[in-house]
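What the coordinates show
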Amino acid sequence: MLDADIEKCFDRINHTALLAKLQTFPFLRRVIKEWLKAGVIENGAWFPTEEGTPQGGVCSPLLANIALHGLEQEITSAFPALVQTERWKPTVVRYADDLVVLHSDKAVIEQVQQLVSAWLAGMGLALKPSKTRISHTLTPCENHLGVDFLGFRIQQFPVGKTHSGKGRDGQRLGFKTIITPSETAMKRHQEALKEQIKTHMVLPQKVLIKHLNAHIRGWSNYYSSVCAKCCFTRMDTYLFQMLWHWSKRRHPNKSAKWRAKTYWHPEQGKWQFATKDYVLRLHRMTPIKRHVKVQGTKSPFDGNWIYWTKRQGNHPETPPKMAYLLKRHQGTCAQCGLYCKDGDQLEIDHLIPVSLGGTDLYVNLQLLHRHCHDQKTATDGSVAARGTDDNRQTIEEPDEVTNLTSGFEAERRG
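Here we summarise the structure given alongside this text. (Residues numbered from 1 in each chain as written. Predicted model: local features only at pLDDT ≥ 70, side-chain atom pairs only at ≥ 80, totals over all residues. Heavy atoms only, no water.)

1. Details of the environment of K261
Here K261 shows up in helix α9 (residues 256-263). For K261, a relative accessible area of 55% gives the class exposed. It is 50 Å that separates the C-alpha atoms of K261 and D97, two residues lying 164 residues apart in sequence. (Helix = DSSP H or I, 4+ residues; strand = E, 2+ residues; numbered from the N terminus. Buried < 20%, exposed > 50% of the residue type's maximum accessible area, 1.4 Å probe, protein only.)

Printed below as a string of structure tokens:
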């Protein structure tokens, strides 16, 4: 595995090479060129910008990605797809200026490092020697084992056959890949918690809880898809120690029993740092949900609202109620059990019809195909309850029916 880091990526991008990659109309190209060459003012003095993009600028991340676009293709195109019936193209993962290349052969990784250095030279960039290394995720390589990438620690461990991972052919590999929060990320988070507690030393407890909850929720959600339960427990233990010290600093003349009763309320059956209206959210309260890889080349902008609503529970074209029901039913119709596909007519139905005393609560709602909705209505007694001889299939009030068509179907209809 090649763990590469580009040295001063934002500061050293070659303007000429970057502008040559911009496939846009001349006016916008000139505006971007003038913006790049505008210079910066620091302490009242003007400094020219002959290279790089200004960090913190609105367009800087986008321009940096444009500058590095094509690096993955350059790496993969240099190697054949198969060698002796085995996959030989390296796997490339890039996020901004951080790059990881994976391959089973060390010689290929060394060749990739040379290719990357040569390609970056054309953009005025270079790899940072102190942060670029070749390592292995299972056995030590050049005194390195595993890799830290974007705050995650990726490493493989030898295990027995009952816990072993499997290859593409279904054969047991004899090891298991474990991804956890990196030690650097955990220490950084601990420092952030410590700073939050120190900053709010004299403020009310509810203010401290409010700020800590926001920080804990964001950090925990980021790592909620990997093996982070043990790390979450470590963070909660550290947080308790810091809060206990916080309470001691606020009340140096009070006993430990008084502080525990005032802030943690053990008499209620469990220790919980809380006030009457606010409760501290612990790291371990975040459930672990494994990440499911996005299918093929699907994108949130391709109009396939059914797929993305089922996956994320939200999409710009999907009403919140419809999104919730799609996610709850895992993208299937509650009546027939078939998956909802592009172009399907979907409607929201009441399990217990409103005419029979049903409510609009989510527990009484389900998502059905239109024809399944008609079949269900014909047998649930809602028509008879209205006392009508209307033989039409429409049985919900107009404001209770939601007909949606995916972006693909709407575009086809024009």
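2. Examining the pairing of strand β12 (residues 346-350)
Counting buried residues along β12, five of its five residues qualify, which places the element largely inside the surrounding structure. The alternating pattern of β12 places L346, I348 and H350 and E347 and D349 on opposite faces, both of which are buried. Sheet topology note: the β12/strand β13 (residues 365-369) ladder contains five bridges and is antiparallel. Bridge pairing in β13 links H350 to L365. (Pairing = 2+ DSSP bridges.)

3. Observations regarding the pattern of salt bridges
Taken as a whole and assessed by the stated rule, the structure comprises eight salt bridges. Note that E50 is salt-bridged to K37, the shortest N-O span being 3.9 Å. Of the two residues, E50 is situated in the loop between β3 (45-47) and α3 (60-68) and K37 in the loop between α2 (26-36) and β2 (40-42); the sequence distance between them amounts to 13 residues. A salt bridge links R153 to D148, with the nearest nitrogen and oxygen atoms 3.2 Å apart. Owing to a relative accessible area of 22%, R153 belongs among the partly exposed residues under this scheme. According to the relative accessible area criterion, D148 is partly exposed, its value standing at 32%. Connected through salt bridges with shared partners, the residues D349, K376 and D380 form a single ionic network. (Salt bridge = Lys/Arg side-chain N within 4 Å of Asp/Glu carboxyl O.)

4. Focus: α9
Among the residues of α9, R259, A260 and Y263 are the ones counted as buried. In an axial view of α9, the angular spread of the buried residues amounts to 100°, which keeps them on one side of the axis. Exposed residues pointing more than 90 degrees away from the buried face of α9 are listed as K257 and K261. Buried-residue contacts for α9 involve α7 (205-222) and α8 (229-250). (Arc of directions from axis to C-beta. Contact = heavy atoms within 4.5 Å.)

5. Some remarks on the packing of α8 against α9
Orientation of α8 relative to α9, taken along the N-to-C sense of each, is 110°, at an axis distance of 10 Å. The orientation of α8 relative to α9 falls into the category roughly perpendicular. Considering the relative orientation of α8 and α9, their crossing is right-handed. Listed contacts from α9 to W244, W246, S247, K248 and R250 of α8 are A256, R259, A260 and Y263. The class makeup of the residues in the contact of α8 with α9 is five nonpolar, one polar and three charged. (Axes fitted to C-alpha atoms, helices over the stretch in contact; angles between N-to-C directions. Parallel < 35°, antiparallel > 145°, perpendicular 65-115°, else oblique. Left-handed = near helix turned anticlockwise from the far one by under 90°. Nonpolar A, V, L, I, M, F, W, Y, C, P; charged D, E, K, R; others polar.)

6. A few points about the nonpolar core
Counting residues in hydrophobic clusters, the biggest one holds 34 residues, and the most contacted among them are V101, V112, V116, L120 and L125. Among the elements of the structure, β1 (2-5), α1 (15-21), α2, α3, α4 (71-76), β7 (98-102) and α5 (106-121) are those that each provide at least two residues to this core. Here this core takes six residues from α5, the largest share from any one element. Excluding its chain neighbours within four sequence positions, the residues that come into contact with V112 are L2, I75, F79, P90 and V101. Residues L212, Y238, L239 and L280 belong to the second largest nonpolar core, which totals 17 residues. (Core = buried A, V, L, I, M, F, W, Y, C linked by side-chain atoms within 4.5 Å.)

7. A few points about the packing of aromatic side chains
Each aromatic ring pair is characterised by the separation of its centres together with the angle its planes make. For the structure on display, the rule yields 17 aromatic pairs. Plain terms: the ring middles of W219 and Y223 are 4.8 Å apart, the flat faces sit at 50° to each other, and that makes the pair tilted. Grouping residues by exposure puts W219 and Y223 together as buried. In textbook terms, an aromatic cluster arises when at least three aromatic residues are bridged by ring pairs, as seen for F240, W244, W246, Y263, W264, W271 and F273. Of note, R259 hangs over the ring of W244, and the distance from its end group to the ring centre comes to 4.9 Å. (Phe/Tyr/Trp six-rings, centres within 6.5 Å; stacked < 30°, edge-to-face > 60°. Lys NZ or Arg CZ within 6 Å of the ring centre and 35° of its normal.)

8. Section: the sheet that holds strand β6 (residues 91-95)
Read across the open sheet, the four strands follow the order β6-β7-β1-β8; overall the sheet is antiparallel. This sheet does not close on itself; its edge strands, each paired only once, are β6 and β8 (133-134). Note: β1 against β8, two bridges, orientation antiparallel. For L2, the partnering residue across the bridge sits in β8 and is I134. Contacts from α5 reach β1, β7 and β8, with the element oriented near 145° to β7.

9. Section: the sheet that holds strand β10 (residues 152-158)
On the basis of which strands lie adjacent, the open sheet formed by three strands has the order β9-β10-β11 and antiparallel pairing. Edge strands, defined here as strands with exactly one partner in the open sheet, are β9 (147-149) and β11 (175-181). Here the strands of the sheet are splayed against their neighbours by 30° on average, with no regard to which way each runs. Across seven bridges, the pairing between β10 and β11 is antiparallel. Bridging from a neighbouring strand, Q155 pairs with I178 of β11.

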